[in-house]
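If you want the building blocks of each chain, they are given just below.
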Number of protein chains: 2
Amino acid sequence: MTDLPTLRPAAATALAAWHDMVARRDLSDLRSIVHPDATFRSPVAFKPYRSADAVILALSTVMTVFSDFAYHRQAATTDGLNVVLEFSARVGDKGVKGIDFIAFDEEGRIVDFEVMMRPMNGVQALAVEMGKRLGALMPAFKSGV
Amino acid sequence: MTDLPTLRPAAATALAAWHDMVARRDLSDLRSIVHPDATFRSPVAFKPYRSADAVILALSTVMTVFSDFAYHRQAATTDGLNVVLEFSARVGDKGVKGIDFIAFDEEGRIVDFEVMMRPMNGVQALAVEMGKRLGALMPAFKSGV
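Residues numbered from 1 in each chain as written. Chains lettered and ligands numbered in written order. Predicted model: local features only at pLDDT ≥ 70, side-chain atom pairs only at ≥ 80, totals over all residues. Heavy atoms only, no water.

**Student:** Just checking my understanding: could you explain the pairing of strand 5 (residues 94-104) of chain A for this structure?
**Tutor:** Residues in a regular strand point their side chains to alternate faces of the sheet. Residue and element names in this part refer to chain A. Among the eleven residues of strand 5, nine are classified as buried, and the element is accordingly described as predominantly covered. In this sheet, strand 5 lies alongside strand 4 (residues 82-91) in antiparallel orientation, the contact comprising ten bridges. When the bridges of strand 5 are listed, S88 appears paired with K97. Hairpin remark: strand 4 followed by strand 5, antiparallel, with two residues in the connecting loop; positive phi at G92, about 60 degrees. Where strand 5 lies against strand 6 (residues 110-118), eight bridges are found, and the strand directions are antiparallel. Following the sheet pairing, D100 is matched in strand 6 by V115. Between strand 5 and the antiparallel strand that follows it, strand 6, lie five residues; G108 among them carries a positive phi value of about 80 degrees. (Buried < 20%, exposed > 50% of the residue type's maximum accessible area, 1.4 Å probe, protein only. Helix = DSSP H or I, 4+ residues; strand = E, 2+ residues; numbered from the N terminus. Pairing = 2+ DSSP bridges.)

**Student:** Help me understand the relation of the copies chain A and chain B in this model?
**Tutor:** For the pair of chain copies, the relating operation is a rotation around an axis with a shift along it. For these two chains of identical sequence, chain A goes onto chain B by a turn of 180 degrees and a shift of 0.0 Å along the axis, with RMSD 0.0 Å. In symmetry terms, the pair is related by a two-fold rotation axis. The fraction of interface residues of chain A whose copies in chain B are also interface residues reaches 100%, indicating that both copies meet through the same surface. (Least-squares fit on C-alpha atoms with pLDDT ≥ 70 in both. Contact = heavy atoms within 4.5 Å.)

**Student:** How should unusual backbone geometry be read in this particular structure?
**Tutor:** Leaving glycine aside, a negative phi is the common case for residues, and trans is the common case for peptide bonds. P119 of chain A follows R118 of chain A through a cis peptide bond whose omega is -10 degrees. Within the secondary structure, P119 of chain A is located in the loop between strand 6 and helix 3 (120-134). Phi at R25 of chain A takes a positive value of approximately 50 degrees, unusual for a residue other than glycine. Mapped onto the fold, R25 of chain A is located in the loop between helix 1 (9-24) and strand 1 (34-41). With relative accessibility at 47%, the residue R25 of chain A sits in the partly exposed group. Within the chain, D68 of chain B stands out as a residue other than glycine whose phi angle is a positive 50 degrees. Within the fold, D68 of chain B resides in strand 3 (residues 66-76). A residue is classified by how much of its surface remains accessible, and D68 of chain B, at 53% relative accessible area, is exposed.

**Student:** When you look at the pattern of salt bridges in this model, what are you seeing that I'm missing?
**Tutor:** Note that side chains of opposite charge can pair when their charged atoms are close. By the definition in use, this model includes 32 salt bridges over all chains. Residues R109 of chain A and D105 of chain A are paired through a salt bridge, measuring 3.0 Å at the closest nitrogen-oxygen approach. Here D26 of chain B makes a salt bridge to R24 of chain B, at a shortest N to O gap of 3.4 Å. By relative accessible area, D26 of chain B is classed as partly exposed at 30%. Residue R24 of chain B is classed as partly exposed on the basis of its relative accessible area, which comes to 41%. (Salt bridge = Lys/Arg side-chain N within 4 Å of Asp/Glu carboxyl O.)

**Student:** Which parts of the structure should I look at to understand the interface of chain A and chain B?
**Tutor:** Frequently, the measure chosen for interface size is the accessible area that the parts lose on association. With 39 residues of chain A in contact, the opposing surface of chain B contributes 39 residues. Taken over both partners, the interface formed by chain A and chain B buries close to 3,100 Å², and the fraction arising from carbon and sulfur atoms is 63%. Area buried by chain A at its contact with chain B is led by R73, R118 and M120 of chain A, which between them contribute 24% of it. Where chain A packs against chain B, one counts six salt bridges. Scanning the region where chain A abuts chain B turns up 17 residue pairs in polar contact (both at pLDDT 80 or more). Sorting the residues of the side of chain A that touches chain B by element identifies strand 3 (66-76), strand 4, strand 5, strand 6 and helix 3 of chain A as the ones contributing at least two each. Of the residues forming the side of chain A that touches chain B, the biggest block, seven residues, is contributed by strand 5 of chain A. In the side of chain A that touches chain B, the residues fall into 20 nonpolar, twelve polar and seven charged. (Buried area = accessible area lost by both parts, 1.4 Å probe. Polar contact = N/O pair within 3.5 Å; in protein donor to acceptor, adjacent residues only side chain to side chain. Nonpolar A, V, L, I, M, F, W, Y, C, P; charged D, E, K, R; others polar.)

Read these as layout, nothing more, since geometry by itself doesn't imply function.
Below, the structure written as structure tokens:
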């Protein structure tokens, strides 16, 4: 993984905290780096989820669905407030590739967390697994609307 | 769109050419910036397509499927050889978001072009439209395998 010298210091600190949480598979401190009004954009549904609770619930649940998760390339925007993290993982027996496109505010809090994935059958498998776990709480994960 | 000062000069030149082709909706010069052994990774299928011909065919066809296409955030890796281009578009009546994750070689030729999209129903609509246009030539676009 390459360094990200262009990322703002506060964002770099939050990103390091995120990498540490993912490595430990423990998101219990996630709220400390998420803006209260943060938005989560799922690979399954178009409609965004707006609140720190939704971001934390979605990411914590996705973590239970992925296995063999690993980050690869990192890219940043020149304003130092947006980062793209490429990942690979498995959803059941399906291999997937994806990206987390994360926007930070000036204080290093996550304000927008967008996930995209390929291929299609991996997204479909994720939708099924997220639906099982979150269907009642976040219905759009299930319906794909 | 922000500048990308960290991108290597040859890659920056190729990227500017790509943006120009997309803006003109004319990819007839695309081969000039694609490595002969370049790889295309579709949002639909897991299996990559390996050849400049495949990259050119896939991108030229995708261009006929998308409407209201626009690029937004750009991010680059610190080695200056990879860029992420965020886009929005429509596939029929479905709104989609996506990214092009493009890797260049030292000479500014595209060696890897990966596309990811959300949400799921947009990827499904793309698969149907690509299947209609390319099913015989690139069967995995249709089957989603």
